[in-house]
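Below are the chains, spelled out letter by letter.
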Amino acid sequence: MHACSVTVVMISLTLFLAVAVKRPPMIITQPESVTVFSVEDLVMSCEATGNPQPIFRWTKDGEEFDPGSDPELKVSERSGSFAFYTLSNTMDSLKQYQAKYICYASNVLGTAVSNEARLNTDVPPTQQKEKKVHVKSEEGNSIVLKCNPPQSSMEPIIHWMDWRLHHIQLSERVVVGKDGNLYFAHLTTEDSRNDYTCNVQYLATRTILAKEPITLTVNPSNSLLQNRRPHMLRPTGSHSTYHSLRGQTVELECIVQGLPTPKVSWLRRDAEMSESRIIKDMFNRRLRFNNISESDAGEYQCMAENSQGKATHTYTVTVEAAPHWIKEPPSQLYAPGETVKLHCQADGIPTPTISWTINGIALSETDKDTRRSLTTGGFLILKDVNLGDTAVYQCQASNKHGTILTNTNVYVIELPPQILTEDGMTYTFTEGQKALLECVTFGSPKPEVTWESGSASSLLEDPRVKPFTNGVLEISNVTHDDEGFYTCSVQNTNLSVNAELEVLNRTVILSPPQALKVQRGNTTIFTCLSLVDPKLGSPLIQWRKNNQKISESHTDGKYTIDGPDLKITNVEADDEGVYTCQVITKHDMAEASGTLTLWDRPDPPVLLQITDPKHRAVTLSWTPGDDHNSAVLEFVVEFEDQGLKERGWEELKRVTGNKQRASLPLWPYMSYRFRVIAINYVGKSGPSKPSEIHNTPAEAPDNNPEDVRSESKDPETLFIRWEEMDKRNFNGPDFKYRVLWRRVVGSGPSWHTNYTTTQPFTVNDSGNFSAFEIKVQAVNEKGEGPEPDPVIGYSGEDVPLEAPMNVGVVLMNSTTIKVNWAAVNKETVRGNLLGYKVLLLYLICRRSREPENTLVVATVANEEEKVISDLRPYSHYALVVTVFNSKGEGPPSETLSFKTHEGVPGPPMSMMLDSPSETEMTLHWTPPAQPNGVLIGYLLQYQQSDDDSPMQVQTIEDPIATHLTLRALDPHSQYRFFLRGRTTAGDGELIMREGATTLDGAPPAKFNFTVGENSVNLSWVAKKRHRNVSFQIYYLNTNGINKWKKKEVNSSQSFYQLQGLTPRSHYRLRFTYSNSTLFEENIETLGTGVTEVQPSFATQGWFIGVVSAIVLLLLILLILCFIKRSKGGKYSVKDKEEGPMDSEARPMKDETFGEYSDLEEKRTASQPSLGEESKLCSEDNLDFNGSSAITTELNMDESLVSQFSRPSEGPEALHGLPDNSPLNPTAVSPATNGMPNSVTILD
């Protein structure tokens, strides 16, 4: 209801203002200045509003002009508008109307005056008849092809094209001038063509005139083209002046000739040139100012430059301005008695003059009124106005560039006050904005309003709050504290309206676009993350490049906008610029900008120059190439040795990117070429062009070869080596090495000298392991290198002459010994003593299956005893000791044999469990593979698997026992059994097995039947740990007169298939155990029934019995042959030696222990006992005089040597023995044929 009443009031007030209130005239469409090219173009119109409707009149060049009374003109007069146009058919008749026109619109409240409109006439440009032009010139010259467009008041647009209407390719070398001519900085033969056509376009008349084609012939130059310095073609001279008006477009032009094509640059001489104010066009040949202003006035310079020089031209730009308003007086209602101040202020160059008129009549021509006054500042003051002062006042500003005029209505009237603004309006702003709360009033005199807020403090106390006379309340930089209700009241009345101010969070850009540097062709992404008040809704994100809107590219995919991201693909030079992200909401906007710069690897440096040659140094300078927007970090100087080109280019020096020269260290006697590489953040440039060749003179060597040493290997030979010097250190021609040597002792101070060009150098007859002083000096044609320092070297070594003496063995325990000996005389070593070697041989019986083991232990030079561990207990060993140097080993010492102490045995090789009954367990085992002594019995421990049960112990005194039966065991428990062998040294390692006794068996209690055509499948669940029993299945075909048939089945099978049944038949099954029937079952087989066939002789009982007897006889014969073969036949030694199978490899049935067989027991019992084998290998049976089983064919030393000559398998053994080892049969000395007379064994 409230909204409807407000609407009714607003409509009523509008009608009242439109109908009841008179309004002064106001011109709403000004007559425009126009140039007429045809009779249809002459139209001059003027529109105005007012109440009552205004009446129009015109002046022409200041004189009253009535278009309606002119027979050549037709008038169109409608409500609020007036226009006239010509009826003439010729342009000549229009010339009389060239003039300045002013429109006047009048009603009872005054007269409004229009701006001055100028009407000009002109003839449309036409095609001129021209002669064909043929221009000839020589390659390299500069030339201008003239266009000569027709004279016209219109500015032409020039297009140079060929006969196909394709534009002529423009470039820095070929440009179009503002005069329309085509300028060539220099000609090439490709410029020759016969269709250079200048097309002149006039937009106002929509005309294009094609000039006569010009033929240009460029003759090739017969001589080498001469480069020319730049020269100005347009404008000519060194200085020119441009006068312009504010707001116009001004272009400075700089067209030059020269070879090569000059580069043009612009600068402002009197101040810094603002890039945002200018546009460079036509390949930098034009500098354009769009909307030029006074700040652009100044002095500019164009500079054209090439390799031959430069040319400059200076431009003085002056900017003046036609009058333009700074402040216009507003139209207002006034009450009688008020004072009216009309403030009119304009600016221009030169400064405009201000004049006033009333209803189009100058103040000087009106009646003088003391209430009117005009100030020097342009104020018109009207005091104590009355109803008769209602009029339209004109303020006019003029200078030499033009005149502007503004109409101001002064309406003196009495009206009651009204508030036009709707009550209860809500104004929404964001933080920081300037809030404007409206309270529009109407009345005369003008109502005065006041504003109040809900807060206790006065609004006027806040400096941010500013009330205006038009009723608007302004609050700058609003915050959330400003939210609330505000009341606008008209003074001296009860009129008021309320307004609500809502303040939202300002839109903030959290992550603005960054400054990006991208390589050409790559893809980059600008990101713009913002925070927007939820009440503002979803914002619009608008991207701009250089203030121009960016839209997504659907054709080439250049720009893709995805949420806050702007993706730019295939970045090129045109993509550089400032990219702005605008986050736009319905109440505010936030924006942030980032730059996109194209960067790349730098261009190679150019113009390399070698200067300032010094001793072993030279200065190299260069000019950097374009860095492509990434500053050069460093320059790398490389060189190429012309004498060693196969080495390629090598780095010589690096300097920082701000340097353009480097002092380079050089080697003597070298031929150099240099090049430079620039490096920036993107990468390396290509190499520059190489410099000229620079040669350095020869000098004597600076240094001598390093790492001089002796690597003598052969006796009586001194073998001298050194590191070859780099050829760059030769420093001159005829380079060689001077080798000097002398003995350290014995031959005096004289040096032996020889020369060579390469290493090594050999000196013969130098003795064995003799010390020498050695020097090697570098020499060339210019002299010798510095005096070298001598080093000590030795001649070649020979094998030692003597064997170690007084070799002894101390038995520390069953597996460890300590061997000691007396040191040899160092002179007999004939080389550098590296140490001693202890060589042990494990003596193995021929009955043993183990391989022979050899152990070699080396010591350091001064060591005279060695502890050796991990030997076999209760074993026979023999050892010798040798001395060795880098050449080899000396003769062995006398052979020493010993026997290690007895140790504890290893674990039994296997152990199996067998359960004869529910309370008994029989253990079967095989003796230890390594008894390590004389076996005296076994120790058996066992306990129930429960950890809390006590451990039972039983000692077995018989060393040859291989089985034992335990009784009175718990049939419901699992047991763990631990078995160890025993020697006098103690109990050995154990073997452990776990198991339980086997329970008495029983037949299955329940069967599952699956019936087929010819069979029936029987399945049952076998009981774990139960002994296997046999039960019987009887089956009878009840369809015939057949007899019962029987099948024997084991309970452990869990499955049995009864086959050979007749399809589609009834059978009766009977299950029996121990002659007792368990149960019976009737079944019917599947399939189609068949007729019983009469039995043949193959199914007769007598035939089956005969065949069965024959098969049984053959089986008996096979068994007898096998028994005979196993007793007296040949057998494989390998099978014999492999012995019994390990217990863990034996098959287990029903997850219980495998059954023990008599055959296995006999095989185990037939093996020789440890005591027997010990006797075969006992010390009593070892005959070191050649009669034992070990030394039957060789004496002890030869046997030892032959044993050591076999490959060793021990982890500590060496990979091989040298040929001259004393343990090699070919190296045994004849002096060691017999056994030593006495052997010392320390225990």
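Residues numbered from 1 in each chain as written. Predicted model: local features only at pLDDT ≥ 70, side-chain atom pairs only at ≥ 80, totals over all residues. Heavy atoms only, no water.

(A) Focus on the sheet that holds strand E82 (residues 952–956). As summarised here, the arrangement of the 4 strands in space is E82-E81-E84-E85, forming an open sheet in which the pairing is antiparallel. Looking at the sheet topology across the chains shown, the edges are occupied by E82 and strand E85 (986–995). The sheet shows a mean angle of 20° between the axes of neighbouring strands, direction not considered. Direction of pairing for strand E81 (residues 937–944) relative to E82: antiparallel, over a ladder of 5 bridges. For Leu939, the partnering residue across the bridge sits in E82 and is Thr955. (Pairing = 2+ DSSP bridges. Helix = DSSP H or I, 4+ residues; strand = E, 2+ residues; numbered from the N terminus. Axes fitted to C-alpha atoms, helices over the stretch in contact; angles between N-to-C directions.)

(B) Geometry of the state of the cysteines. Under the defined criterion, the tally for this structure stands at 6 disulfides. Through a disulfide, Cys439 is tied to Cys488; the S-S separation comes to 1.8 Å. In this structure the cystine formed by Cys439 and Cys488 twists about its S-S bond by roughly -75°; its chirality is therefore left-handed. In this pair, Cys439 sits in the loop between strand E39 (435–437) and strand E40 (441–444) while Cys488 sits in strand E44 (residues 484–490), placing the two residues 49 residues apart along the sequence. Note on Cys488: relative accessible area 0%, which makes it buried. Between the sulfur of Cys528 and that of Cys581 lies a disulfide, 2.0 Å long from S to S. Measuring the twist about the S-S bond at about -75°, one finds the Cys528-Cys581 disulfide to be left-handed. Taken as a pair, Cys528 in the loop between strand E48 (524–527) and strand E49 (529–531) and Cys581 in strand E54 (residues 577–584) lie far apart in primary sequence, 53 residues in all. (Disulfide = S-S within 2.5 Å. Buried < 20%, exposed > 50% of the residue type's maximum accessible area, 1.4 Å probe, protein only.)

(C) Main features of the packing of aromatic side chains. Going through the model one piece at a time under the given rule, you end up with 34 aromatic pairs. Ring geometry for Phe289 versus Tyr300: centroids 5.3 Å apart, planes at 65°, classification edge-to-face. Remark: Tyr300 occurs in strand E26 (residues 298–306) and Phe289 occurs in strand E25 (residues 286–289); sequence separation between them is 11 residues. There is no split in this pair, since Phe289 and Tyr300 are both buried. (Phe/Tyr/Trp six-rings, centres within 6.5 Å; stacked < 30°, edge-to-face > 60°.)

(D) Looking closely at the pattern of salt bridges. For the structure on display, the rule yields 49 salt bridges. Where Glu130 meets Lys211, a salt bridge forms, and the shortest distance between an N and an O atom there is 2.8 Å. Placement of Glu130 in the loop between strand E10 (117–121) and strand E11 (133–138) and of Lys211 in the loop between strand E17 (207–210) and strand E18 (214–219) is noted, with a sequence separation of 81 residues between them. Notably, a salt bridge pairs Asp702 with Arg616, separated by 2.6 Å at the nearest N-O pair. Of this pair, Asp702 sits in the loop between strand E62 (694–695) and strand E63 (709–710) while Arg616 sits in the loop between strand E56 (606–614) and strand E57 (617–623), and the two are 86 residues apart along the sequence. Arg616 gets classed as partly exposed once you look at its relative accessible area, which sits at 25%. Three or more residues joined by partner-sharing salt bridges are found here, namely Glu251, Asp281, Arg286 and Arg288. (Salt bridge = Lys/Arg side-chain N within 4 Å of Asp/Glu carboxyl O.)

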